[in-house]
Each structure stands twice: as structure tokens, then as C-alpha cells.
Amino acid sequence: MSTPVLIVDDSAMARKMLQRALPNDWDVEVTHAANGVEALQAYRAGKAAVMFLDLTMPDMDGYQVLETLRRESLDSFVIVVSADVQPLAQERVKQLGAIGFVRKPVTAEKLAPLLREYGVL
Amino acid sequence: MHRDALQEVANVAMGEAGAKLAELLDTFVRLSVPRILISDAAEVPDTLGKLLEPHNAVTAVRQSFLSRIQGEAIVLFGEAGCAELADLMGYDGVLAPSERREVLLDIANVLVGACLGGVFRQFGLELGFTAPSLLAEDTPAQRLIRADTLDWSRALLVEVNFRLEQGAFSSHLIVLLPERSIDRMRESLDQIIAAL
């Protein structure tokens, strides 16, 4: 069965870049969301076994999505994809339950090792 | 698609600038979603005023950048935040006006260098800067730039802002591009989009 993957970013270009960076041999069904509200809707519809999550977004940002997932004990492999390179930003999202952090702009070379490391791939 | 692409290019660049600012002030910086506006040159002063609400008075540093795409970068600091600068920078007591100016010029230089450097790296272009200079002190945002001093008919404004988690310090980086540079930037964005 294909893995449901959710790409959350307010930028259509960033979503496209991420989708292109996914490994070719990974059997996935990709859904896009443009903000945190849409992301949670997609999650609840079973479309986010793996979630790639941007941090700075209007209408519920990435931190709020992580907080909601944690508060409601929801289960998804969340990989944060952000331009925020402050070490504290990485620490915080990991404390909130994200399993990984990828720095923008995303490339296939950055993504594949992380997916392998966590056994998602 | 171009607005979206520019917003994302700016987002990536501001991440680097925010990290530099965090390092400089030893604190966590909250990043914003970049805002992009196209305005008739005559309306630039009013547009700036609206972008910067609720700041009444701002201190501004400007720097020109030169490349295939040229323009002006302006860094604005709100009044309340300036008062906290001494603390943030680890100085004892109050900053003398000359010290305050020096600190603001330094911060502006770091933000402009990191942010525009990040944008132009994504475009694959080299760029140079003039030295930062003080544009205005404690001045209403609408009066920062006089429309008649802009030698352009249309301008593109890109705004990103950096807030600290604690305290009132905030700064906005605004990039103004004249018409010809807008066209050239569109070409650079075309290339990025075509590569997707």
C-alpha cells in the first residue's frame, strides 16, 4: 500500500520542490496543504502517515500544528522543513515531537538519508 | 506563481538573516511570512507607513545593492525596541546617541548582507553593497522616503520582519526595486521555476 505523505507549506513552489525531492522509489500518495488548518484536516482524513511541515505559515503555523498533534496524542512522522536555521528552532520542534529537521531549500540529497535513518523509507 | 516564488526565495534568505541576528543578540528570533507589494512610486511613502503599523516613529538605515538587479535595502527599527538595545548588546546603562547609531548600522549591515546574500545566491548572482548609512531617526514611517526622490515609476517592496521572543525590539527589512530590476528579477525567478 502507498504511504500517505502530506506536504504542508504556504508556498506552492516550496511544495513542488519538496515533492520533487522525494525518493523516486518510494511508493507514496502525496497530498498538499497550504497552512496548519488544512494540514490537520488532511491528517484527520488519514493522509499523513508522514508529514513534511513548514514553520512560518499564515493561519496556524508549524509550531501550532506540532502542539496540536501532541496535545491530541496524534501519531504522524513529522519532518520539519524550514528556512529557520537557529539551533533553538530545531531543538524546539524536536521537543514538540518532530523526528527530523531539513533546511530549505530542500534537495533529494538532504532528504533521503533522513528518511532512511528513521526507517520511513 | 511569481509572487509565490519570490516569497519563498525571500523566506529562505530571511532564515539565514534571522539566525545571524539571533547570534548577535543572543536570543531567539521569530520570523514572519515575507510580504510582497507592488506600488506606484508615488504611493511608496504611504505603503511604507501601512507596512510598519503600529510603529509611530522609526529609525532607518539604508544600503544600496548593485548587481544585475539593483535596489535599495532599508532596515527599520521601532522606537521602543531601540531603548532596549543597550541591554541586548550587553552594554551597561544607556547608549549614547553615537553608540546607538553604530549598533543600528551594524545590525542593519548584518541583516542586509545575510538576507540579500541569500536571495542572490538562489539567483546565482554576485552582488555588492554600499556602506550602510542612517536615513532617518525617530521619523514617521510615511516620511522616510519622499516619492519625488524616487527616480522610478513603479516599485516592488519586499518586507520581512524579525521580532524577539522577549521585549519590544523588532526590525523590518524592506527591499525596494525599481522597474527595470523588477523585470530582471522576474527573469531570475523564471529560471528557478523552470528548473522545478
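Residues numbered from 1 in each chain as written. Chains lettered and ligands numbered in written order. Predicted model: local features only at pLDDT ≥ 70, side-chain atom pairs only at ≥ 80, totals over all residues.

**With respect to helix α5 (residues 108–117) of chain A**
Part 1 of the argument: The buried fraction of α5(A) is low, at one of ten residues.
Part 2 of the argument: Just beyond α5(A), the residue with positive phi is A:G119, at close to 70°. (Buried ≥ 20, exposed ≤ 12 C-beta atoms within 10 Å, placed from the backbone. Helix = DSSP H or I, 4+ residues; strand = E, 2+ residues; numbered from the N terminus.)

**What about the environment of B:N11?**
Part 1 of the argument: Relative to the assigned elements, B:N11 resides in helix α1 (residues 2–25).
Part 2 of the argument: C-alpha of B:N11 to C-alpha of B:L31: the two residues are 20 residues apart in sequence and 8.8 Å apart in space.
Part 3 of the argument: Those residues in contact with B:N11, other than ones at most four positions away along the chain, are A:S11, A:T56, A:A83 and B:P34. (Contact = placed C-beta atoms within 7 Å.)

**Considerations on the pairing of strand β4 (residues 71–78) of chain B**
All names here are of chain B.
Part 1 of the argument: For β4, the buried fraction is high: seven of the eight residues fall into the buried class.
Part 2 of the argument: Direction of pairing for strand β3 (residues 57–66) relative to β4: antiparallel, over a ladder of eight bridges. Paired with V58 across the two strands is G78, which belongs to β4.
Part 3 of the argument: Counting the residues between successive antiparallel strands, the hairpin from β3 to β4 contains four residues.
Part 4 of the argument: Sheet analysis places β4 next to strand β8 (residues 170–178), joined by six bridges and oriented antiparallel. Across the sheet, residue E72 finds its bridge partner in β8, namely L176. (Pairing = 2+ DSSP bridges.)

**Examining the sheet that holds strand β3 (residues 50–53) of chain A**
Sheet strands pair via backbone hydrogen bonds, and the direction of the pair is either parallel or antiparallel.
All names here are of chain A.
Part 1 of the argument: With parallel pairing, the five strands of this open sheet are ordered in space as β2-β1-β3-β4-β5. The open sheet terminates on both sides in strands that have one partner only, identified here as β2 (28–33) and β5 (100–103). With direction set aside, neighbouring strand axes in the sheet form an average angle of 20°.
Part 2 of the argument: Pairing analysis gives four bridges linking strand β4 (residues 77–82) to β5, with the strands arranged parallel. Residue S82 lies in a different strand from β5, and its bridge partner there is R103. (Axes fitted to C-alpha atoms, helices over the stretch in contact; angles between N-to-C directions.)

**Points about the nonpolar core**
Part 1 of the argument: Counting 86 residues, the largest nonpolar core has A:L6, A:M51, B:V75, B:L111, B:C115 and B:L173 as its most contacted members.
Part 2 of the argument: Tallying contributions element by element places α1(B) first for this core, with twelve residues.
Part 3 of the argument: Excluding anything up to four places from it in sequence, B:L111 contacts B:A17, B:L21, B:V75, B:S171 and B:L173. (Core = buried A, V, L, I, M, F, W, Y, C linked by C-beta atoms within 7 Å.)

**Considerations on helix α5 (residues 97–123) of chain B**
All names here are of chain B.
Part 1 of the argument: Its 27 residues place the ends of α5 38 Å apart at the C-alpha level, agreeing with the 39 Å of an ideal helix rising 1.5 Å per residue.
Part 2 of the argument: All of the buried residues in α5 are R100, L104, I107, A108, L111, V112, A114, C115, L116 and V119.
Part 3 of the argument: Following α5 by one or two positions, G124 has its phi on the positive side, about 70°. (Expected span 1.5 Å × (residues − 1).)

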